[in-house]
Amino acid sequence: MAITTDLSGKTAVITGSNSGIGLGIARELARAGADVVLNSFTDTATDHALADDIAQSFGVSARYIRADMSNGSDCRALIAEAGACDILVNNAGIQHVAAIDDFPVEKWDAIIAINLSSAFHTTAAALPMMRKAGWGRVINIASAHGLTASPYKSAYVAAKHGIVGLTKVTALECAGQSITANAICPGYVLTPLVEAQIPDQMKTHNMDRDTVVREVMLARQPSKDFATVEQLGGTAVFLCSDAGAQITGTTISVDGGWTAL
Ligand code: NAD
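Let us look at the structure shown here.

Scoring rules and cut-offs
Residues numbered from 1 in each chain as written. Predicted model: local features only at pLDDT ≥ 70, side-chain atom pairs only at ≥ 80, totals over all residues. Heavy atoms only, no water. Helix = DSSP H or I, 4+ residues; strand = E, 2+ residues; numbered from the N terminus. Rg over C-alpha atoms; globule rule 2.2 N^0.38 Å. Contact = heavy atoms within 4.5 Å. Lys, Arg positive; Asp, Glu negative; His and termini not counted. Charge placed at Lys NZ, Arg CZ, Asp CG, Glu CD. Buried < 20%, exposed > 50% of the residue type's maximum accessible area, 1.4 Å probe, protein only. Core = buried A, V, L, I, M, F, W, Y, C linked by side-chain atoms within 4.5 Å. Near = heavy atom within 4 Å. Polar contact = N/O pair within 3.5 Å; in protein donor to acceptor, adjacent residues only side chain to side chain. Areas by Shrake-Rupley, 256 points an atom, 1.4 Å probe, with all protein chains shown as cover. Right-handed = clockwise from strand over helix to strand, strands pointing away. Pairing = 2+ DSSP bridges. Expected span 1.5 Å × (residues − 1). Axes fitted to C-alpha atoms, helices over the stretch in contact; angles between N-to-C directions. Parallel < 35°, antiparallel > 145°, perpendicular 65-115°, else oblique. Left-handed = near helix turned anticlockwise from the far one by under 90°. Nonpolar A, V, L, I, M, F, W, Y, C, P; charged D, E, K, R; others polar.

### Some words on the overall build of the protein chain
Along its length, the protein chain carries nine helices and seven strands. Relative to a compact globule of 261 residues, whose C-alpha radius of gyration would be 18 Å, the protein chain shows 18 Å and is just as compact. Taking the principal axes of its C-alpha atoms as reference, the protein chain extends roughly 55 × 40 × 35 Å. Sequence-distant contacts in the protein chain: of pairs separated by 6 or more residues, those separated by 24 or more amount to 72%. Averaged over its 18 positive side-chain charges, the protein chain has a centre that lies 5 Å from the centre of its 25 negative ones.

See the structure below:
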């Protein structure tokens, strides 16, 4: 059978997709023909304009639905309001950098809720729809930090290791049902989340921007290049294609060699 990457007729819900990787993935899924639902916790004209632009650019249906991924009921309501969810991309995420003994409890709770628990809630709501449709793809955006650790990122590393575990359980519970679950593990991708870390890193290491990017942030990325949101979108499209039908319960690193070190 010829392998197809045509996603026409499929609906993709991408959490945290009004910027960065989520938006990049939404655009590539739409380019492949999927209808898309964008999401974040805000509800601005700019948010809705992003969906309009995708609809116009790729000739698909695109909507923006506000839902706060730190709230379990909102997570489930997002999937219900989407009405269909053949492809679920759990992407929403935040970061905070501090030593464990100084780590603010509210930051720990928010990171675990947004980066990990939201995926449990959306997956729980989406699986019945996928089973009814007889096809599904769950794609969890983990991180190189889902496979390795760095100091001062306790909550993030814990959440990302957690989502890799959740991915494996989801895959096993859906095995044989034409529903796969995988985690994409990016290294450094230049997005607002990473941009926001640069001033902190400059302060911590007392370095200028270029030096901190090359020697600190990309120190563990042997390619010395950031990954792009389009490359992550392309990886998601691959997992949704027929080529991905037997890829399940695993991680795909898009990290310039980080986890090979
Ligand atoms: P980003 O800040 O550009 O995007 C994060 C998205 O999550 C935004 O759309 C934001 O609005 C949304 N979000 C935050 N809190 C939310 C909430 N409570 N409810 C709903 N949406 C919320 O950052 P990004 O780099 O694109 O990160 C996307 C994902 O990729 C995250 O899970 C992040 O951990 C992961 N990741 C990023 C990198 C990187 O280098 N950028 C590397 C590895 C993994």
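### Quick word on unusual backbone geometry
Although it is not a glycine, Asn-206 sits at a positive phi angle of roughly 55°. Secondary-structure assignment places Asn-206 in the loop between α7 (197–205) and α8 (209–217). Judged by relative accessible area, which is 72%, Asn-206 ranks as exposed. Residue Lys-224 is not a glycine yet carries a positive backbone phi of 60°. With respect to the secondary-structure elements, Lys-224 resides in the loop between α8 and α9 (229–240).

### A short note on the nonpolar core
Core analysis: the biggest nonpolar cluster contains 34 residues, and Leu-29 and Ile-54 have the highest contact counts within it. Beyond its immediate chain neighbours, meaning those up to four positions away, Ile-54 contacts Leu-23, Ala-26, Arg-27, Ala-30, Val-36, Leu-38, Gly-59, Val-60 and Ala-62. In this structure, Val-37, Ile-65, Ala-92 and Val-138 belong to the second largest nonpolar core, which totals 21 residues.

### Topic: the site of the ligand
Not every one of the 31 residues close to the ligand is listed here, only the nearest: Asn-18, Ser-40, Tyr-156, Val-189 and Thr-191. Note that an oxygen atom of the ligand is positioned 3.1 Å from one of the backbone N or O atoms of Gly-16. Measuring from an oxygen atom of the ligand, one finds a backbone N or O atom of Gly-187 at 3.4 Å. If the ligand stood free it would expose 820 Å²; the protein chains cover 93% of that surface. Those elements that provide at least two residues to the shell around the ligand are α1 (20–31), β2 (35–40), α5 (154–174) and α6 (192–195).

### So, the pairing of strand β5 (residues 136–141)
For β5, the tally of buried residues reaches six of six residues, placing the bulk of the element in the interior. Where burial is concerned, the two faces of β5 agree: the one with Gly-136, Val-138 and Asn-140 and the one with Arg-137, Ile-139 and Ile-141 are both buried. You can see the chain leave strand β4 (residues 87–90), run along helix α4 (residues 105–133) and come back into β5, and the turn it takes is right-handed. As defined by bridge partners, β5 adjoins strand β6 (residues 179–186) across six bridges and the pair is classed as parallel. Following the sheet pairing, Val-138 is matched in β6 by Ala-181. Chirality of the crossover, the property in question, places the unit of β5, α5 and β6 among those that are right-handed.

### A look at α1
Taking 1.5 Å per residue, twelve residues should reach 16 Å; α1 reaches 17 Å between its end C-alpha atoms and fits that length. With ten of twelve residues buried, α1 is to be regarded as a mostly interior element. Where α1 is concerned, the buried positions are Gly-20, Ile-21, Gly-22, Leu-23, Gly-24, Ile-25, Ala-26, Glu-28, Leu-29 and Ala-30. One or two positions beyond α1, positive phi appears at Gly-33, with a value near 110°.

### Let's talk about the pairing of β6
By the criterion of burial, β6 is predominantly enclosed, with eight of the eight residues buried. Side chains Ile-179, Ala-181, Ala-183 and Cys-185 of β6 all project onto a buried face; the interleaved residues Thr-180, Asn-182, Ile-184 and Pro-186 project onto the opposite face, where all are buried too. Bridge count between β6 and strand β7 (residues 251–254): four bridges; the pairing is parallel. Note on β7: the bridge partner recorded for Pro-186 is Val-254.

### As for the packing of helix α3 (residues 72–82) against α4
Direction vectors running N to C along α3 and α4 enclose 30°, while the axes themselves pass 8 Å from each other. Accordingly, the angle class assigned to the pair α3 and α4 is roughly parallel. Judged by the twist between their axes, the crossing of α3 over α4 is right-handed. Together, Gly-72, Cys-75, Arg-76, Ile-79 and Ala-80 of α3 and Ser-118, Phe-120, His-121, Thr-122, Ala-124, Ala-125, Ala-126 and Met-129 of α4 make up the contact between the two elements. Considered class by class, the residues forming the contact of α3 with α4 number eight nonpolar, four polar and one charged.

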